[in-house]
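# Observations on the three-dimensional arrangement
Here is what each chain is made of, one letter per residue.
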Amino acid sequence: MTPPQNHAPKAHRAEPRIGFYVCHCGSNIADTVDCAEIARYAASLPGVILARDYKYMCSDPGQELIQQDIREYQLDRIVVASCSPLLHEHTFRAALARAGLNPFYLQMVNIREHVSWVHKNREAATAKARDLARAAIQRVRHHQALQPIRVPIRAEALVLGGGIAGIHAALLLAEAGKRVILVERQPSIGGHMAQLDKTFPTLDCAACILTPKMSAVRAHPNITLWTYSEVIKVEGYVGNFTVTVRRKPRYINEALCVGCKQCVDACVFKDGKFPDEFNAGLSHRKPIYLPFPQATPQVVVIDPDRCLNLKTGKCKKTCVEACDRNAIVFDQQPEVHEVKVGTIIVATGYDLFDPTRLPQYGYGRYPNVFTTLEAERLVNSSGPTAGKVRLRDGRVPRSVGIILCVGSRDHRTHPWCSRTCCMHSMKLALLIREHAGAEVTIFHMDIRSAGKGYEEFYDRCLREGIQFIRGRVAEVTDWAMTAKEEGHLVVRVEDTLAGFVRRIPLDMIVLAVGMEPQRDARELRRILNISCSNEGWFLERHPKLGPVITFTDGIFLAGCCQGPKDIPDTVAQAGAAAAEALALMDRGYIEQEPNTAYIDPDHCCGCKSCLPLCPYSAIQLDETQGRAFINEALCKGCGACVAACPSGSIQQHLFEDEQVFAEIDGVLSYA
Amino acid sequence: MPMPKPKLAIYWCASCGGCEEAVVDLAEEIVELLQSVDLVFWPCATDLKRADLEHLPDQAIFVSLINGAIRTTEQEEMAHLLRQKSRFLIAYGACAHLGGIPGLANQFSREEILRYYFETGPSTVNPEKAQPQPSYTCGHHTLTLPDLHYKVRALDQVVSVDYYIPGCPPTPTLTRNALKALLAENPPPPGSVLAPDVALCDQCPRKATKPLQLSFTRFQRPHLAPIDPQQCLLAQGFLCLGPATRAGCEALCPRGNMPCSGCFGPTSRVRDPGAKILSSLCANLAPKTAEEIDAVLDTIPDPIGTFYRYSLPRSLLRGKVNTSPTNHAS
């Protein structure tokens, strides 16, 4: 809540004593703007007691300079012309506070991003910096002493996505004693990692390391697991989000089902008839199914698009008879739940590139062109072929080619490197050779094996006889030019090390498809009110210093929804996101910018124009007095009501009309 | 010898004469008023001349009421003269306060206005294209006329003003209260507008019927649609400027079944009245797409005449930029 100081009547203002500082930012600003001239100019303006230029205002000596001047010259307003307030407003406000001045007596002028980085002409840039400095100096005299607002933070977290990132983050938070709601849209958690056979570079089994964590999520008393569910609405703000989750009907009572699969055996479909998503469509499942043996929760699901009873109402319902726990509920309806949480971790993962977009590689046209995920299922002992690598006609391939950068590092599709495909493909190469005894050739542009133990793994592949051909593959064709090519797929590639175009006949082709943002990432971005990069990856606040926090306070990123990464990086990031969320929740409150709107009750006429505009429902009408008032704890300072109040009776701290007009006048007046 | 009575002057500039009527509207009380003051100047009602005014010592007049905007050189001279002779100068009525209806002429340059009225206007017959000139010599005689300024200005854009009595015209109650307060030597804070600093909805009998969501789908015009006498006019789609207009008239127009047109001007907290009411109304439009929003706004045929009807010279828009290099009048 705001302390009363923010509402104190405006005291009669004595002439302010303004200190002005212009920063060189090394050469970032000084190369384009004549900083000494700006200081000379500022010193000539009314109210400015002193003006200095300095090489690095944000350094300790720079801040110390401000503090000293405040004490020595009794300065009561400070203007710093430097970089974006996003970067250093906090720094300079703290300096004011250390010198005993209210931190909100600061105004910053951004002469780096707004001037020196975007202009070349030194004279014009200096003139523009002068105008901006004048505007800030005119504005700062209207600043008032304010107190930051403390908002409590709820100790519950929502984790969005049940892949390895979401699982890891949820477990950490739960272990730290926080209540966690884990929302996953598939019927089981596990994500892409659950579909993998072995993991590079150690070749340990993905299921062996993932399954215990999945069970731990299921068993943890602090975790509420909602699978087959989606977030449809997020309201509120850091510490106090209200999230609406829609739970899709799986037509099974989750509390009763134990995953015995007797219903699956009893289904009127004698054999699986529909593509099995978990096996990348390489096998078939029934309308009622358990997604995979380790599925968590161990609860079957009914596919409403396939189930005869749900589609036509005409079925013998043998599954119902088979279930001795009466867990099948055909009239189950979607449920909508509203939960209140303090923080949100977004771990929604990625989609795989659709290789039919590159027809030259023949996926979907030639049966023996596979994707890496399909190959992964083929080598997996619980996969459709029980770990036997087989072509679609059942033959054992004698030779296999893996084509890298399919949908990555390609300006026709995606310009980025998907980061995992090199290592993934080399791992598959070893596994395929082990399982099928085939010769494996990898077609690559470079092998990117940066990571602990990764280069050593590449070395091992070289030593163990995996073939590497450098060149982007032009096409995969079944058009044989020689007898040797007859009955094979032919890879046509310019071998850039040998220096000529080669045609290489192979039995099986695996396309290392890249990662791309989830198809509905942009929709989710709007629901969460976070930013996306151009490509559609969720945007972190700072690529180096804020890699898991977003521009929306209280929402954090983990895993591939932020950009392609491998399992170790994903787990590390999930841990970081959990730590960031914990730091917020454990402190119990945050201090917010006191940029809230307020209504003077003597001026409000009760016309209600503002009431429907507030996205945070912070404005209420006092019916007895016929006046509106704003709940400061709920106000986020968006300014919608301020602009719309027809009688100008709503003002906003830090954006008072007189401050904004003084700034406009300052920037527009002639020097 | 009795105490000399305080002197009162009343003058009109660019105005319609309604403000003079408003003084007369004091009815019986005008007798009482005239007994308590010495009326030294009121060209509309008395035969006192400029020379009478010039002979008075500086600050001899206790209070002067000037109505009308400043358009001509003569009006400007008279404003300066009255300022010099008066202790309190009051901008009386919307035109002196904000520029008023004459201020809408600032949408056009002086040349455009003269050309329209003396050449191209549909009712003009003027084959010689004669236009009024500041001076005309005929034989040995030179006749002069006041010149037109390039812009219409509110009174305080020409001379300093002590108080403002708003309205088109001001109500008798406000006039009486203001004069009584001054004559009782109980002056309000200098520079104030002598009307409550709250919006008109506060005094409107229809206030309770204003819905939470206005959701405009079109705007109605009062002469083209029936008006419910009880319900909030905005709720019926009429452009009532009550929420953006200073109270003080006791909601005369809404009580008379007409929407408020904003003659009292904005509250003290609003720098540009038209922009303020626009941003409020636009926030309440029902449609969400650009085309549909345009369609709703197209039902307002004259936005400047609607939202800046009384205030264009004192708004941030001010008026059309003159391209003429001989812009001698500020």
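Scroll up for the structure.
These figures come from a predicted structure and were not determined experimentally.

### Considering the overall build of chain B
Helix and strand counts for chain B come out as eleven helices and nine strands. A buried classification covers 48% of the 330 residues belonging to chain B. Look at the contacts in chain B between residues 6 or more apart in sequence, and 74% of them connect residues 24 or more apart. Per element, the accessible surface of chain B, about 16,400 Å² overall, is 57% carbon and sulfur.

### Comments concerning the sheet that holds strand 25 (residues 489-495) of chain A
Residue and element names in this part refer to chain A. What the three strands build is an open sheet, ordered 24-25-26; its pairing is antiparallel. At either end of the open sheet lies a strand with only one pairing partner, and these are strand 24 (473-477) and strand 26 (500-506). On average, adjacent strands in this sheet sit at an angle of 20 degrees to one another, irrespective of strand direction. Here four bridges tie strand 24 to strand 25, and the two strands are oriented antiparallel to one another. Directly across from Thr477, in strand 25, lies its bridge partner Val490.

### Description of the interface of chain A and chain B
Each side of the interface is counted separately: chain A has 24 residues, and chain B has 23 residues. Taking both sides of the interface into account, the surface hidden between chain A and chain B amounts to around 1,900 Å²; carbon and sulfur atoms contribute 51%. In terms of surface lost to chain B, no three residues of chain A exceed Cys605(A), Lys608(A) and Pro646(A), which account for 27% of the buried area on that side. Where chain A touches chain B, the interface holds two salt bridges. In this structure, the salt-bridge partner of Arg627(A) is Asp202(B), at a minimum N-O distance of 3.1 Å. Those elements giving two or more residues to the side of chain A that touches chain B turn out to be helix 16 (640-644) and helix 17 (657-668) of chain A. Its residues assigned to classes, the side of chain A that touches chain B shows twelve nonpolar, seven polar and five charged.

### What to know about the nonpolar core
Core analysis: the biggest nonpolar cluster contains 62 residues, and Leu173(A), Ile252(A), Ile288(A), Ile328(A) and Ile345(A) have the highest contact counts within it. Sort the elements by how many residues they give to this core and helix 6 (residues 164-175) of chain A lands first, with eight residues. Setting aside chain neighbours within four positions, we find Ile345(A) in contact with Leu158(A), Val159(A), Leu160(A), Ala169(A), Leu173(A), Phe556(A), Ala558(A), Ala577(A), Ala578(A) and Ala581(A). Counting 61 residues, the second largest nonpolar core, distinct from the first, contains Cys605(A), Leu65(B), Phe88(B) and Cys201(B).

### A closer look at the sheet that holds strand 1 (residues 18-23) of chain A
Residues and elements named next belong to chain A. Taken together, four strands build an open sheet; the order of strands is 2-1-3-4 and the sheet is parallel. Edge positions in the sheet fall to strand 2 (48-54) and strand 4 (106-110), since each of these pairs with one other strand and no more. Each strand of the sheet is rotated relative to its neighbour by a mean of 15 degrees, with strand direction disregarded. Here strand 1 runs beside strand 2; their pairing, made up of six bridges, is parallel. Within strand 2, the residue paired with Ile18 across the bridge is Val48. In the packing of helix 1 (residues 35-43) onto the sheet, the strands contacted are strand 1 and strand 2, and the crossing angle to strand 2 comes to about 175 degrees. Of the strands in this sheet, strand 3 (77-82) and strand 4 touch helix 3 (residues 85-98), which is tilted by about 150 degrees from strand 4.

### Section: a nonpolar patch on the surface
Nonpolar side chains collect at one region of the surface, where Phe655(A), Val660(A), Ile664(A), Val667(A) and Leu668(A) lie side by side and expose about 400 Å² of accessible area between them. Assignment of secondary structure puts Val667(A) in helix 17.

### Things to note about helix 13 (residues 454-463) of chain A
All names here are of chain A. Taken as a whole, helix 13 has its buried residues at Tyr454, Phe457, Tyr458 and Cys461. Taken down its axis, helix 13 places every buried residue within 100 degrees of arc, on the same side. Exposed side chains of helix 13 directed beyond 90 degrees from the buried face belong to Glu456 and Arg463. The inward-facing, buried residues of helix 13 abut helix 12 (421-436), strand 23 (467-470) and helix 15 (567-587). Gly465 occupies a position one or two residues after helix 13 and carries a positive phi of about 90 degrees.

### Some words on a negative patch on the surface
Residue and element names in this part refer to chain B. On the surface, a cluster of negative charge is made up of Glu291, Glu292, Asp294 and Asp298. As for its placement among the helices and strands, Glu292 is situated in helix 10 (residues 290-297). Look at Glu292 and you get partly exposed, because its relative accessible area is 43%.

Criteria and thresholds
Residues numbered from 1 in each chain as written. Chains lettered and ligands numbered in written order. Predicted model: local features only at pLDDT ≥ 70, side-chain atom pairs only at ≥ 80, totals over all residues. Heavy atoms only, no water. Helix = DSSP H or I, 4+ residues; strand = E, 2+ residues; numbered from the N terminus. Buried < 20%, exposed > 50% of the residue type's maximum accessible area, 1.4 Å probe, protein only. Contact = heavy atoms within 4.5 Å. Areas by Shrake-Rupley, 256 points an atom, 1.4 Å probe, with all protein chains shown as cover. Pairing = 2+ DSSP bridges. Axes fitted to C-alpha atoms, helices over the stretch in contact; angles between N-to-C directions. Buried area = accessible area lost by both parts, 1.4 Å probe. Salt bridge = Lys/Arg side-chain N within 4 Å of Asp/Glu carboxyl O. Nonpolar A, V, L, I, M, F, W, Y, C, P; charged D, E, K, R; others polar. Core = buried A, V, L, I, M, F, W, Y, C linked by side-chain atoms within 4.5 Å. Patch = residues over 30% accessible without salt bridge, like charges linked within 9 Å, V, L, I, M, F, W, Y side chains within 5 Å. Arc of directions from axis to C-beta. Lys, Arg positive; Asp, Glu negative; His and termini not counted. Charge placed at Lys NZ, Arg CZ, Asp CG, Glu CD.

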